[in-house]
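Structural overview
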Amino acid sequence: MDRTFLELREALGKPGCFLCRLEESYVRRFLEALFYEFVTDRGVREKIRKGGFCKDHARRLFALRPSILGIAIVYQDLLHQYLSGTVPDAKLCPVCLGLQEYLTRIVHLLGKHWEDLHQSWGKETFVCLPHLASLPEPLRGRLEDTTKVTLQGILDTLSSFIEKFDYQKSGLPPKPEEARSWQEAMEFFVGDLVERKKS
(Lines give C-alpha, C1' and ligand atoms only; values in the text may rest on other atoms or scores of the structure.)
Protein backbone atom coordinates (compact mmCIF):
# COMPACT_ATOMS: atom_id res chain seq x y z
CA MET A 1 0.00 0.00 0.00
CA ASP A 2 1.23 3.47 -0.80
CA ARG A 3 1.57 6.38 1.60
CA THR A 4 -1.48 8.25 0.26
CA PHE A 5 -3.73 5.22 0.82
CA LEU A 6 -2.49 4.85 4.41
CA GLU A 7 -2.97 8.59 5.09
CA LEU A 8 -6.50 8.35 3.70
CA ARG A 9 -7.39 5.34 5.82
CA GLU A 10 -6.04 7.04 8.95
CA ALA A 11 -7.87 10.33 8.23
CA LEU A 12 -11.15 8.47 7.79
CA GLY A 13 -11.05 7.42 11.44
CA LYS A 14 -10.74 10.94 12.86
CA PRO A 15 -13.41 13.56 13.63
CA GLY A 16 -14.30 16.21 11.07
CA CYS A 17 -13.95 16.42 7.31
CA PHE A 18 -11.28 13.93 6.36
CA LEU A 19 -10.62 15.75 3.07
CA CYS A 20 -9.97 19.02 4.94
CA ARG A 21 -7.63 17.11 7.26
CA LEU A 22 -5.72 15.56 4.34
CA GLU A 23 -5.56 18.91 2.54
CA GLU A 24 -4.15 20.67 5.60
CA SER A 25 -1.55 17.95 6.13
CA TYR A 26 -0.50 18.02 2.47
CA VAL A 27 -0.10 21.82 2.40
CA ARG A 28 1.98 21.80 5.58
CA ARG A 29 4.26 19.03 4.27
CA PHE A 30 4.54 20.70 0.85
CA LEU A 31 5.55 24.08 2.28
CA GLU A 32 7.99 22.60 4.78
CA ALA A 33 9.67 20.49 2.09
CA LEU A 34 9.71 23.38 -0.35
CA PHE A 35 11.36 25.84 2.01
CA TYR A 36 13.70 23.44 3.80
CA GLU A 37 14.86 21.33 0.87
CA PHE A 38 13.99 22.81 -2.52
CA VAL A 39 14.19 26.60 -2.19
CA THR A 40 17.36 26.71 -4.33
CA ASP A 41 16.22 24.11 -6.88
CA ARG A 42 16.05 25.83 -10.29
CA GLY A 43 12.94 23.99 -11.49
CA VAL A 44 11.05 24.70 -8.27
CA ARG A 45 12.07 28.36 -8.31
CA GLU A 46 10.84 28.68 -11.92
CA LYS A 47 7.43 27.30 -10.90
CA ILE A 48 7.28 29.79 -8.03
CA ARG A 49 8.21 32.66 -10.35
CA LYS A 50 5.29 31.77 -12.62
CA GLY A 51 2.67 31.60 -9.91
CA GLY A 52 3.96 32.98 -6.66
CA PHE A 53 1.56 31.91 -3.93
CA CYS A 54 -2.19 32.38 -3.86
CA LYS A 55 -3.65 34.37 -0.94
CA ASP A 56 -4.64 31.29 1.08
CA HIS A 57 -1.27 29.58 0.74
CA ALA A 58 0.65 32.79 1.39
CA ARG A 59 -1.32 33.10 4.66
CA ARG A 60 -0.54 29.49 5.47
CA LEU A 61 3.12 30.08 4.69
CA PHE A 62 3.13 33.15 6.94
CA ALA A 63 1.55 31.15 9.79
CA LEU A 64 3.88 28.15 9.36
CA ARG A 65 7.12 30.07 8.73
CA PRO A 66 9.04 26.91 7.88
CA SER A 67 12.27 28.77 6.98
CA ILE A 68 12.45 32.54 7.21
CA LEU A 69 15.60 32.52 5.06
CA GLY A 70 13.88 30.39 2.42
CA ILE A 71 10.86 32.68 2.38
CA ALA A 72 13.12 35.73 2.08
CA ILE A 73 15.00 34.18 -0.87
CA VAL A 74 11.78 33.31 -2.70
CA TYR A 75 10.18 36.71 -2.15
CA GLN A 76 13.39 38.50 -3.12
CA ASP A 77 13.19 36.59 -6.40
CA LEU A 78 9.49 37.45 -6.83
CA LEU A 79 10.17 41.14 -6.19
CA HIS A 80 12.98 41.14 -8.78
CA GLN A 81 10.60 39.50 -11.26
CA TYR A 82 7.84 42.02 -10.57
CA LEU A 83 10.14 45.01 -10.86
CA SER A 84 11.33 43.57 -14.19
CA GLY A 85 7.74 43.55 -15.41
CA THR A 86 6.69 39.94 -14.73
CA VAL A 87 3.60 39.51 -12.56
CA PRO A 88 3.03 36.01 -11.12
CA ASP A 89 -0.27 34.33 -11.97
CA ALA A 90 -1.86 33.09 -8.70
CA LYS A 91 -3.69 30.41 -10.71
CA LEU A 92 -0.27 28.78 -11.07
CA CYS A 93 0.42 28.71 -7.31
CA PRO A 94 2.65 25.61 -6.94
CA VAL A 95 0.88 24.61 -3.73
CA CYS A 96 -2.55 24.73 -5.43
CA LEU A 97 -1.30 22.72 -8.39
CA GLY A 98 0.30 20.07 -6.16
CA LEU A 99 -2.78 19.93 -3.95
CA GLN A 100 -5.02 19.46 -6.97
CA GLU A 101 -2.97 16.42 -8.04
CA TYR A 102 -3.02 15.05 -4.50
CA LEU A 103 -6.81 15.41 -4.15
CA THR A 104 -7.30 13.77 -7.56
CA ARG A 105 -5.31 10.80 -6.24
CA ILE A 106 -7.42 10.73 -3.05
CA VAL A 107 -10.68 10.73 -5.07
CA HIS A 108 -9.33 7.93 -7.27
CA LEU A 109 -8.42 5.83 -4.21
CA LEU A 110 -11.83 6.48 -2.62
CA GLY A 111 -13.64 5.36 -5.76
CA LYS A 112 -11.48 2.29 -6.27
CA HIS A 113 -11.28 1.10 -2.64
CA TRP A 114 -14.48 2.46 -1.07
CA GLU A 115 -15.65 -0.93 0.25
CA ASP A 116 -12.38 -1.41 2.16
CA LEU A 117 -12.00 2.23 3.22
CA HIS A 118 -15.62 2.53 4.39
CA GLN A 119 -14.74 0.26 7.32
CA SER A 120 -12.32 2.92 8.62
CA TRP A 121 -15.04 5.63 8.76
CA GLY A 122 -15.16 7.07 12.28
CA LYS A 123 -18.23 7.93 14.32
CA GLU A 124 -17.55 11.69 13.92
CA THR A 125 -16.11 11.61 10.38
CA PHE A 126 -17.82 13.48 7.54
CA VAL A 127 -17.21 15.33 4.28
CA CYS A 128 -17.85 19.08 4.41
CA LEU A 129 -20.27 20.67 1.94
CA PRO A 130 -17.53 22.40 -0.10
CA HIS A 131 -15.72 19.10 -0.62
CA LEU A 132 -18.95 17.19 -1.27
CA ALA A 133 -19.81 19.63 -4.05
CA SER A 134 -16.46 18.97 -5.73
CA LEU A 135 -16.76 15.18 -5.82
CA PRO A 136 -17.88 13.22 -8.88
CA GLU A 137 -20.84 10.85 -8.84
CA PRO A 138 -21.37 8.10 -7.74
CA LEU A 139 -18.70 8.75 -5.08
CA ARG A 140 -20.46 11.94 -3.96
CA GLY A 141 -23.67 10.01 -3.27
CA ARG A 142 -21.88 7.32 -1.24
CA LEU A 143 -20.00 9.86 0.86
CA GLU A 144 -23.07 12.04 1.31
CA ASP A 145 -25.13 9.08 2.58
CA THR A 146 -22.38 8.12 5.03
CA THR A 147 -21.95 11.76 6.08
CA LYS A 148 -25.68 12.08 6.84
CA VAL A 149 -25.40 9.25 9.38
CA THR A 150 -22.55 11.13 11.08
CA LEU A 151 -24.46 14.42 10.95
CA GLN A 152 -27.44 12.87 12.71
CA GLY A 153 -25.10 11.87 15.55
CA ILE A 154 -23.61 15.38 15.63
CA LEU A 155 -27.13 16.87 15.70
CA ASP A 156 -28.07 14.65 18.66
CA THR A 157 -24.87 15.63 20.49
CA LEU A 158 -25.41 19.31 19.68
CA SER A 159 -28.97 19.11 21.03
CA SER A 160 -27.68 17.51 24.23
CA PHE A 161 -25.06 20.29 24.54
CA ILE A 162 -27.72 23.01 24.18
CA GLU A 163 -29.98 21.24 26.67
CA LYS A 164 -27.24 21.36 29.32
CA PHE A 165 -27.51 25.15 29.33
CA ASP A 166 -31.14 24.94 30.47
CA TYR A 167 -30.96 25.64 34.20
CA GLN A 168 -34.22 23.70 34.79
CA LYS A 169 -32.77 20.50 33.36
CA SER A 170 -29.55 18.63 34.03
CA GLY A 171 -26.96 21.16 35.19
CA LEU A 172 -24.30 18.61 34.21
CA PRO A 173 -21.09 19.75 32.52
CA PRO A 174 -20.93 19.02 28.78
CA LYS A 175 -19.00 15.98 27.58
CA PRO A 176 -16.00 16.66 25.29
CA GLU A 177 -17.90 15.50 22.18
CA GLU A 178 -20.79 17.82 23.12
CA ALA A 179 -18.45 20.76 23.66
CA ARG A 180 -16.99 20.40 20.15
CA SER A 181 -20.27 19.55 18.39
CA TRP A 182 -20.95 23.17 17.40
CA GLN A 183 -17.51 23.31 15.76
CA GLU A 184 -18.19 20.15 13.81
CA ALA A 185 -21.52 21.53 12.60
CA MET A 186 -19.81 24.73 11.48
CA GLU A 187 -17.01 22.78 9.79
CA PHE A 188 -19.55 20.73 7.85
CA PHE A 189 -21.04 23.85 6.28
CA VAL A 190 -17.88 25.84 5.55
CA GLY A 191 -14.96 23.41 5.55
CA ASP A 192 -12.03 23.50 7.91
CA LEU A 193 -11.97 27.22 8.64
CA VAL A 194 -12.31 26.65 12.36
CA GLU A 195 -9.11 26.88 14.39
CA ARG A 196 -9.08 23.81 16.57
CA LYS A 197 -6.55 21.18 17.51
CA LYS A 198 -6.99 17.99 15.55
CA SER A 199 -5.76 14.73 16.94
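Figured I'd write up the structure that's included with this text. (Residues numbered from 1 in each chain as written. Predicted model: local features only at pLDDT ≥ 70, side-chain atom pairs only at ≥ 80, totals over all residues. Heavy atoms only, no water.)

Thoughts on the nonpolar core
Counting residues in each nonpolar core, the largest one holds 43 residues, and the members touching the most others are Leu8, Phe18, Phe35, Phe53, Leu110, Val127 and Leu143. Elements with a minimum of two residues in this core: helix H1 (3-12), helix H2 (18-37), helix H3 (42-51), helix H5 (68-83), helix H6 (94-117) and helix H8 (139-163). Once you skip the residues sitting within four places of it in the chain, Phe53 turns out to touch Leu31, Leu34, Phe35, Ile48, Ala58, Leu61, Val74, Tyr75, Cys93, Pro94 and Val95. (Core = buried A, V, L, I, M, F, W, Y, C linked by side-chain atoms within 4.5 Å. Buried < 20%, exposed > 50% of the residue type's maximum accessible area, 1.4 Å probe, protein only. Helix = DSSP H or I, 4+ residues; strand = E, 2+ residues; numbered from the N terminus. Contact = heavy atoms within 4.5 Å.)

Digging into the side chain of Thr4
Looking at the secondary structure, you find Thr4 in helix H1. With a relative accessible area of 14%, Thr4 lands in the buried category. Not counting the four nearest positions on each side in its chain, Thr4 is found in contact with Tyr102, Arg105, Ile106 and Leu109.

Notes on a nonpolar patch on the surface
Residues Leu129, Trp182, Met186, Phe189 and Val190 make up a contiguous nonpolar surface patch of roughly 470 Å² in combined accessible area. Ranked by residues supplied to the nonpolar patch, first place goes to helix H10 (residues 181-190) with four residues. With respect to the helices, strands and loops of the structure, Val190 is situated in helix H10. (Patch = residues over 30% accessible without salt bridge, like charges linked within 9 Å, V, L, I, M, F, W, Y side chains within 5 Å. Areas by Shrake-Rupley, 256 points an atom, 1.4 Å probe, with all protein chains shown as cover. Salt bridge = Lys/Arg side-chain N within 4 Å of Asp/Glu carboxyl O.)

With respect to the packing of H6 against H8
Remark: H6 packs on H8, axes separated minimally by 10 Å, with the N-to-C direction vectors making an angle of 75°. One way to sum up the angle between H6 and H8 is to call them roughly perpendicular. Residues Val107, Leu110, Gly111 and Trp114 of H6 touch H8, and the partners they reach there are Leu139, Arg142, Leu143 and Thr146. Residues belonging to the contact of H6 with H8 are distributed by class as follows: five nonpolar, two polar and one charged. (Axes fitted to C-alpha atoms, helices over the stretch in contact; angles between N-to-C directions. Parallel < 35°, antiparallel > 145°, perpendicular 65-115°, else oblique. Nonpolar A, V, L, I, M, F, W, Y, C, P; charged D, E, K, R; others polar.)

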